[in-house]
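# Structural overview
Below, each chain spelled out in residue letters.
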Amino acid sequence: MVTYKQFHFFENWKEFKKWYDTQNITREITAVHEHHTWKPDYSYFKGDMNPQIEPWENHDTLMENLDNYHELALKWRDSGHHIATFKDGVIATARDLNWAPASIYGNNTGAVCIENMGNFDRGHDMMTEAQKESVLGVTATILNRHELEPNTDTILYHHWFDQDTGKRTNGEWGNVKTCPSHNFFGGNKVKDCEENFIPLIKQKLKEMEEKQMKDYKEILKEKTDSPDVWIKLCDDLENGYIELENIQTLQWLKVLVEKLGN
Ligand SMILES: [Zn+2]
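Since the structure is predicted, the reported quantities are computational estimates derived from the model, not experimental observations. Chains are numbered independently. Their residues run from 1 in the order of the written sequence. The predicted origin of the model limits local features to residues at a pLDDT of at least 70 and limits the giving and counting of side-chain atom pairs to 80 or more, whereas totals for whole chains, interfaces and linings rest on all residues.

### Describing helix α3 (residues 129-145)
- Look at α3: 24 Å from first C-alpha to last across 17 residues, which is about the 24 Å you get at 1.5 Å a residue.
- Three exposure classes are used, based on other C-beta atoms lying within 10 Å of a residue's own C-beta, which is placed from the backbone: buried for 20 or more, exposed for 12 or fewer, and partly exposed in between. Strands are runs of DSSP state E lasting at least 2 residues, helices are runs of H or I lasting at least 4, and numbering of each runs from the N terminus. Regarding α3, the residues found buried are Q131, S134, V135, L136, G137, V138, T139, A140, T141, I142 and L143.
- The first or second residue beyond α3 is E147, which carries a positive phi of 55°. Multiplying 1.5 Å by the helix residue count minus one yields the expected span of that helix.

### What about the domain arrangement of the protein chain?
- Domain extents, as shown, originate in an automatic or database domain assignment. Along its sequence, the protein chain is organised into domain 1 (2-209) and domain 2 (210-261).
- The C-alpha-based centres of domain 1 and domain 2 are spaced at 36 Å.
- We call two residues in contact if the C-beta atoms placed from their backbones are at most 7 Å apart. Counting residues at the interface gives 4 residues for domain 1, matched by 5 residues for domain 2.
- Gly counts as polar in this scheme, as do all residues outside two lists: the nonpolar Ala, Val, Leu, Ile, Met, Phe, Trp, Tyr, Cys and Pro, and the charged Asp, Glu, Lys and Arg. Taken together, the residues that form the side of domain 1 that touches domain 2 break down as 1 nonpolar, no polar and 3 charged.

### Quick notes on the packing of helix α1 (residues 13-20) against α3
- Fitted lines through C-alpha atoms serve as axes, helices being fitted only where they are in contact, and the angles separating the N-to-C directions of these axes extend from 0 to 180 degrees. Orientation of α1 relative to α3, taken along the N-to-C sense of each, is 25°, at an axis distance of 9 Å. Taken as axis vectors, α1 and α3 run roughly parallel relative to one another. The crossing of α1 and α3 is right-handed. Where α1 approaches α3, its residues W13, F16, K17 and Y20 are matched on the opposing element by E133, S134, G137, V138, T141 and R145.
- Looking at the contact of α1 with α3 residue by residue, the class counts come to 4 nonpolar, 3 polar and 3 charged. For classification purposes, an angle smaller than 35 degrees is called roughly parallel, one larger than 145 roughly antiparallel, one from 65 to 115 roughly perpendicular, and anything else oblique. Whether a crossing is left-handed or right-handed is set by the direction in which the near helix is turned from the far one by less than a right angle, anticlockwise for left-handed and clockwise for right-handed.

### Section: the sheet that holds strand β7 (residues 155-157)
- Read from one edge of the open sheet, 7 strands run β1-β2-β5-β4-β6-β3-β7, paired in mixed fashion. The open sheet terminates on both sides in strands that have one partner only, identified here as β1 (2-4) and β7. Averaged over neighbouring strand pairs, the angle between their axes works out to 25° when direction is ignored.
- Any two strands with at least two DSSP-identified bridges between them are counted as paired. Here 3 bridges tie strand β3 (residues 31-36) to β7, and the two strands are oriented parallel to one another. The residue of β7 that forms the bridge with V32 is I155.
- Contacts between α1 and the sheet are confined to β2 (7-10) and β5 (91-93), with β2 contributing the most and set at about 135° to the helix.

### Description of the nonpolar core
- In this structure, V32, A84, I91, A92 and V138 are the most contacted members of the largest nonpolar core, which totals 42 residues.
- In terms of residues, this core owes the most to one element, α3, which gives 6 residues.
- Among all residues touching A84, those that are not within four sequence positions of it are M63, A92, A94, E115 and M117. The term nonpolar core refers to a group of buried residues, namely Ala, Val, Leu, Ile, Met, Phe, Trp, Tyr and Cys, whose C-beta atoms join them within 7 Å.

### Regarding the environment of M63
- Take M63: it is sitting in helix α2 (residues 57-73).
- By the C-beta count within 10 Å, which is 25 here, M63 ends up buried.
- As a C-alpha pair, M63 and G174 span 111 residues in sequence and 31 Å in three-dimensional space.

### So, α1
- Residues of α1 that are buried: W13, F16, K17 and Y20. The buried side chains of α1 occupy one side of the element, clustering within an arc of 100° when seen end-on. Facing away from the buried side of α1 by more than 90 degrees, the exposed set consists of K14 and K18.
- For α1, the secondary structure elements touched by its buried residues are β2, β5 and α3. Taken from the helix axis, the directions to the C-beta atoms give the arc we talk about.

In C-alpha cells form, the structure reads like this:
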C-alpha cells in the first residue's frame, strides 16, 4: 500500500482486501454501487504502475483531479466515491468509508461506491483484464466482508436509477445515465449483470471463502497443538457449544477461531 494525501493505493485486490477487512466500518453496508468515470477515460491514463520509475504519479493526479472536481466544482464534502479502479488494475481509496457516498441520487445510505476509471460507453474503452480482475475482487471483498449475497439488490448499477427522483427504473425509463455502461462486463442492464457479472462475482466469493477456510484451519491447527486449547475445544464440543459437523463451515470456523483466541 502506498499513501498519498488522503488516498491509499493498492497494486491488486488481494492487497486491498487485507486493508479493507481491517477497517473499522461502523455504518451498515447493504449495497455496492458500480460506476464508470466517463471522463477521465483511458486516454488520460498515462502511468501504468511501475515502481521503478515515478511510481503512482498518474494515479495520484487522476484521484486528485476527481477529488477537486467533486469538492470545488460540485461543492461536495469529499470525493463522491469510496474506491476507484484503474486500467492497470491499481485500486485507490478516497472518501471515508463511514460516510455515505455521493453516488446514486436518493440511494446512498448503506452503499459503498466504486468509480471505475474509463469510458465504457459503446465504441469507447474496452475494459482491460487487469481492471476487470480488480473490479471483481473489490466488489467481492465488500460483499464478503458485510456478508451480502451477490444479486441485483446488493450490486447496483447507476443506470438503473432515475437521476431526478432516485426511483429504480432498471434503466427502462426516466432520466438515466448509461453508467457503468455498455462495455461493463457485457452491458449495463439488470439481465447483463445477472448473466455476466454476478457469476464472476460468485466465483470470486467462492475463492475467498476457500482461502478463509484454509486460513482458519491453519490457525486452528496451530492453536490445538497446545493442550489447554485442545481441552477447551473438547469441552465446548461436549457442552454442545460447538458441533463437530459444523466445524467444516466457514461461519463455524470463524466462531471457533474467535472462541479459542480468548
Ligand atoms: Zn455513475
